[in-house]
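Close look at the chain arrangement
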Amino acid sequence: MKNQSMKDNTLNSNEIVIAVTALNAIDSPGPGVAVIRAIRECKDFKVRIIGLSYESLEPGLYMHDLVDKSYQIPYPSGGTHSLLERLKHIHEIEKIDIIIPNFDAELFNFIKLRDKLKDLGIRTYLPELEQFEDRDKIKLYDFGKKNGLLMPKDYIINEVKELSKAIDDFDFPIVIKGKFYEAIIANTEEEAKKAFHKIQAKWGLPIIVQKFIKGTEINIAALGDGEGNTISVIPMRKLYITDKGKAWSGITIDDESFIELAKKFVKATKWRGGCELEVMQTSKGKSYIMEVNPRFPAWIYLTAAAGQNQPAALVKMAMGEKVQPFTDYEVGKIFVRYAWDLITDISEFQKISGTGEL
Amino acid sequence: MLYNLDLNIVEIESPKEKYNFTVIEYFLEPKKNMKLKKNIATSEEGFIFNPSTGDSFSTNPIGTEIITLLKKDKSIQEIIVAICEKYDVDQNLLEKDLDDFTAQLKDYTILE
C-alpha cells in the first residue's frame, strides 16, 4: 500500500529526517551545505540531517554541527537501480522523510525514482521529467519560443562544419557551449573551431552555438508549487565573480521585472521545487534567460537571509503543508562567500572512505 | 562594484550675493530638470545604493549635497543657485561639472 509508512504531516510533532546531496562546499560549490543551513535556521520544525555524498572529501561530510550523519551513494552514471538499493538501505536505518537532491547530474535518476521512493515513504519535491527536460540547454530556445520567454537564439550542432550556419546568422562574438557545462566566447571563426573541439573532447556532442548577449548578469532563485504558483522569488546581482563564473558575492535587488519573469517561467512549466534562472539583462532592458538550473543554487542561503527561506518552504510543501507565497524580501542583503580550512582527523576520512558512512 | 562620483568644488566661508540668481536662470535651459529614481537610497556620508541594479556609489560632500537636492526634487537651476550661493565656484565650471555628474548618474540609472 502506498505511503503507508509516511509520518504524520504535523510538522511540529516529529523530527523530520531530511537527506541532502551536494555537500561539496568547494570553490565551485554544490548547494547542499547552504540548503542545510537554511533548513536548520527555520524554527517551525525539528530536523535530523542526513548527508548523501559521492566523494570522501566533500566538506559537508565533516560539518557535524550541520550534518548529523552521512552516507555515500553511487555515482549518477551507476543508474537508478544501484541508487535505489543504497537509498533503501539508508532508509531502513534513518527512516528518511524527504530527500533534497541538489546536483544537476543526479536529478534525472531521482525524478525517475520518485514514485518508488514515495512507496517507501520518502518524499521528494521535484519537477516532472518533462519539465526537467524542457529546460535542458539543448531545448531551451524552443522552450522559450513556445512560452513567450526570451532566450538567446542557438544552433545545436554535431559537426564543426555546421558552425558556418551560426556564423552566418550571428555576429561575432558567439558562444560555444557544452551540453552539460562550460561555455567559451569565440571572436573569430578560428576561435570558434578551437572551442568546438575543446568542448567536444570534454563534454561530447552535441555542441550548442549561442548568440552572444551583452548585459548585466542576474540570477533568480525561485520556488514553484507544481501547480503554476510561485511561492518565492529572489533576484540577485553578482558582485564578485570567480574565474569559473561563479558568484563569490552577490546582492538582493529590487526589480519587479525579474520577479514577473520568474513567475512567468514557473507558470509556463508548472515547476515543482527550486530552480535558478540565469538571466542577462541588456542595456535596453530586455531580459534573456541564458540557462535554467533545475535545483537550488549554491547561494540559496541568501533567500533565507532576505526573508524568504526557500529550502524551509520546500520542506513544508514536501510534508504536505500549504505554503502561502512570500511577498516581501529585504533588498540590499549581501552574501560574501569565504573559504575555511576545516580540520578533521584521518579516522573520520577512513570511516567515510572505508565504510561509506560517517 | 563601488563607483566613485566626486565633484571638486571648494566651499567658501561666507555665502555669495544673490545677484548670480538671475544670470543663472537666464542661461539655463528648462529641459535640464532631472529626477532621482524613487527607490534610490542615500546616506549623509555620500553612499548611494541603487536597489534595482545592486550598484553602490560613493561621492564626496558636494556630490552628496547635489544628490540631496535632487532627492528633494530641486531643478538643475535651483541646484546651481544653491551651490553658487554656498561655494566659490565659477558658474560655467559648475554647469559643466553638473552636466558630467548628471550624465554619470543617468548612465548608472540613478536618474529617471
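Moving on, we get to the overall build of chain B. Across its full length, chain B carries four helices and four strands. Counting from the amino terminus, chain B carries its helices and strands in the arrangement β-α-β-β-β-α-α-α.

All names here are of chain A. In spatial order, the strands read β5-β8-β6-β7; together these four strands make up an open sheet with antiparallel pairing. Two strands lie at the open edges of the sheet, namely β5 (154-157) and β7 (183-186), each paired on one side alone. Recorded for the sheet is a direction-independent mean angle of 20 degrees between the axes of neighbouring strands. Sheet topology note: the β5/strand β8 (residues 207-211) ladder contains four bridges and is antiparallel. In the strand pairing of β8, Tyr 155 is matched with Val 209.

Residues and elements named next belong to chain A. In terms of residue burial, β8 counts as a mostly covered element, since four of its five residues are buried. Where strand β6 (residues 174-177) and β8 come together, four bridges link them in antiparallel fashion. Looking across to β8, one finds that Ile 174 is bridged to Lys 211.

The next subject is the pairing of strand β9 (residues 216-225) of chain A. All names here are of chain A. Of all 10 residues in β9, eight are buried, a share of seventy percent or more. One ladder, built from 10 bridges, connects β9 with strand β12 (residues 272-281); its direction is antiparallel. Directly across from Ala 221, in β12, lies its bridge partner Glu 276. Pairing between β9 and strand β10 (residues 230-241): seven bridges, direction antiparallel. The partner of Leu 223 across the bridge, within β10, is Ser 232.

Time to look at the environment of Ala305(A). All names here are of chain A. Tracing the backbone through its elements, the reader meets Ala 305 in helix α10 (residues 301-305). The class for Ala 305 is partly exposed, based on 19 C-beta atoms found within 10 Å. For the pair Ala 305 and Thr 252, spaced 53 residues apart in sequence, the C-alpha to C-alpha distance is 9.9 Å.

Quick look at the sheet that holds β9(A) now. Strand pairing in a sheet relies on backbone hydrogen bonds, with the paired strands running either antiparallel or parallel. All names here are of chain A. Pairing in this open sheet of six strands is antiparallel, and the strands run β13-β12-β9-β10-β11-β14 from one edge to the other. Each edge of the open sheet is held by one strand with a lone partner, namely β13 (287-293) and β14 (334-336). Between one strand axis and the next, the sheet turns through 30 degrees on average, direction left out of account. Strand direction decides the pairing type here: strand β11 (residues 247-252) and β14, joined by three bridges, are antiparallel.

This part covers the domain arrangement of chain A. Splitting chain A by domain gives domain 1 (15-124 + 341-355), domain 2 (153-211) and domain 3 (214-336). Taking only C-alpha atoms, the centre of domain 2 of chain A and the centre of domain 3 of chain A are 28 Å apart.

In this structure, Ile18(A) and Ile300(A) are the most contacted members of the largest nonpolar core, which totals 88 residues. Both domains that furnish three or more residues to this core are identified here as domain 1 (15-124 + 341-355) and domain 3 (214-336) of chain A. If we skip the residues at most four places from it in the chain, Ile300(A) touches Pro31(A), Ala34(A), Val35(A), Ala38(A), Ala221(A), Gln310(A) and Pro311(A). With 18 residues, the next largest nonpolar core counts Ile79(B), Ile80(B), Val81(B) and Ile83(B) among its residues.

Let's shift gears to unusual backbone geometry. At the junction of Phe172(A) and Pro173(A), the peptide bond is cis and its omega measures out at 0 degrees in the coordinates. Mapped onto the secondary structure, Pro173(A) falls in the loop between α7 (163-169) and β6. Cis geometry is found at the peptide bond from Leu205(A) to Pro206(A), where omega equals -5 degrees. Secondary-structure assignment places Pro206(A) in the loop between α8 (189-203) and β8. Even without being a glycine, Ala22(A) presents a positive backbone phi close to 65 degrees. Take Ala22(A): there are 28 C-beta atoms within 10 Å of it, and that puts it in the buried class. Positive phi, close to 55 degrees, is recorded for Thr109(B), a residue that is not glycine. Relative to the helices and strands, Thr109(B) resides in the segment after α4 (91-107). Judged by C-beta crowding, with 15 C-beta atoms within 10 Å, Thr109(B) ranks as partly exposed.

What counts and how
Residues numbered from 1 in each chain as written. Chains lettered and ligands numbered in written order. Predicted model: local features only at pLDDT ≥ 70, side-chain atom pairs only at ≥ 80, totals over all residues. Helix = DSSP H or I, 4+ residues; strand = E, 2+ residues; numbered from the N terminus. Pairing = 2+ DSSP bridges. Axes fitted to C-alpha atoms, helices over the stretch in contact; angles between N-to-C directions. Buried ≥ 20, exposed ≤ 12 C-beta atoms within 10 Å, placed from the backbone. Domains from an automatic or database assignment. Core = buried A, V, L, I, M, F, W, Y, C linked by C-beta atoms within 7 Å. Contact = placed C-beta atoms within 7 Å.

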